[in-house]
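# Structural description and commentary
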Amino acid sequence: MALGSKWSAELPGIYPGRFDALIERLRFACDAGLIPAAAIVLGRKHAATDPCLVGSRNVVEPREPIANDGLFLVASLTKPVVAMAVALLIERGELTLDDRLADILPGFDDARPFKREVRIRHLLTHTSGLPDMTPSNRALRERHAPLEQFIEEIQGLPLAFPPGRGVSYQS
């Protein structure tokens, strides 16, 4: 997909030749079976490009090209976005690092030891003691359960350690 001058005119500083080379590298990675698919959107200030998609929506034959409605598991890639959103809420005075999770999600205000003490800072630093995944994580994902079901299950689980007393990666 050659992107031409549309890119440089709409987004100053983004060079179509470099972007085209990146897309070709991604196509190569897809064709070589290194990755199934990729999507890229570039943006600057208040403008963004249309998505450029390469690869297949499935990994079994017959392969179908990825389409605009394709879904990607982004997992940990969302952490910087969430951290920035939290920073903006703090800047606006709508949230503090010391706010309790239980004040935002009342299901965390239960009798389990230390659960009420989980704070926003603990979530951002992987020091909350919350589990990385729920016991039925795979089943919830397979049936495309809403986020609320994941949260409900985590609310019922004990902490691995008191908040701020350990470090454990969390999804």
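Residues numbered from 1 in each chain as written. Predicted model: local features only at pLDDT ≥ 70, side-chain atom pairs only at ≥ 80, totals over all residues. Heavy atoms only, no water.

### What to know about the layout of surface pockets
The cut-off we apply is this: Throughout, the protein atoms alone are placed on a 1 Å grid, and a set of points is a cavity if a 1.4 Å probe fits but cannot get out or a pocket if it is open with protein on both sides within 12 Å along at least five of seven lines; lining residues have an atom within 4 Å of a point. Grid points are joined across faces, edges and corners, and a volume is the space filled by probe spheres set on the points. Residues are grouped as follows: Ala, Val, Leu, Ile, Met, Phe, Trp, Tyr, Cys and Pro are nonpolar; Asp, Glu, Lys and Arg are charged; every other residue, Gly included, is polar.
Reported here for the largest pocket is a volume of approximately 1,600 Å³. Along its surface, the largest pocket is lined by 37 residues, and Thr78, Lys79, Leu147, Ile151 and Ser171 are the ones closest to its centre. The residue makeup of the lining of the largest pocket, split by class, is 26 nonpolar, 8 polar and 3 charged. The calculated volume of the second largest pocket comes to roughly 220 Å³. In terms of lining, the second largest pocket is formed by Pro36, Ala37, Ser56, Arg57, Asn58, Val59, Ile66, Leu71, Phe72, Leu73, Val74 and Leu77. Partitioned by chemical class, the residues of the lining of the second largest pocket number 9 nonpolar, 2 polar and 1 charged.

### Here's the deal with the pattern of salt bridges
Definition in use: Salt bridges are defined by distance alone: a side-chain nitrogen of Lys or Arg within 4 Å of a carboxyl oxygen of Asp or Glu. Every helix listed is a DSSP run of H or I at least four residues long, and every strand listed is a run of E at least two residues long, numbered separately from the N terminus. Relative accessibility decides the category of a residue: with a 1.4 Å probe and only protein chains considered, values under 20% of the type maximum give buried, values over 50% give exposed, and everything between is partly exposed.
Inspection of every chain in the model, using the stated rule, returns 7 salt bridges. Across the salt bridge formed by Glu24 and Arg27, the nearest N and O atoms sit 2.7 Å from each other. Taken together, the positions of Glu24 and Arg27, both in helix 2 (residues 16-31) and 3 residues apart, correspond to about one turn of that helix. Taking relative accessible area as the criterion, Glu24 reaches 44% and is therefore assigned partly exposed.

### Some thoughts on the environment of Leu53
Threshold: By the convention used here, residues are in contact when the closest approach between their heavy atoms is within 4.5 Å.
Looking at the element boundaries, Leu53 is found in strand 4 (residues 52-55). As a C-alpha pair, Leu53 and Ile66 span 13 residues in sequence and 6.5 Å in three-dimensional space. Every residue in contact with Leu53, bar those within four places of it in the chain, is listed here: Ala38, Ala39, Ile66, Ala67, Asn68 and Phe72.

### Side note on the side chain of Arg119
Tracing the backbone through its elements, the reader meets Arg119 in the loop between helix 4 (101-104) and helix 5 (120-125). Once you skip the residues sitting within four places of it in the chain, Arg119 turns out to touch Leu97, Asp98, Asp99, Arg100 and Leu101.

### Quick notes on unusual backbone geometry
Of note in the backbone geometry, His126 takes a positive phi value of approximately 60 degrees without being a glycine. Structurally, the position occupied by His126 is in the loop between helix 5 and helix 6 (137-142). Here His126 falls in the buried class, since its relative accessible area comes to 19%. Residue His144 is not a glycine yet carries a positive backbone phi of 55 degrees. Examined against the element boundaries, His144 turns out to sit in the loop between helix 6 and helix 7 (147-155). On the accessibility criterion, His144 (67% relative accessible area) is exposed.

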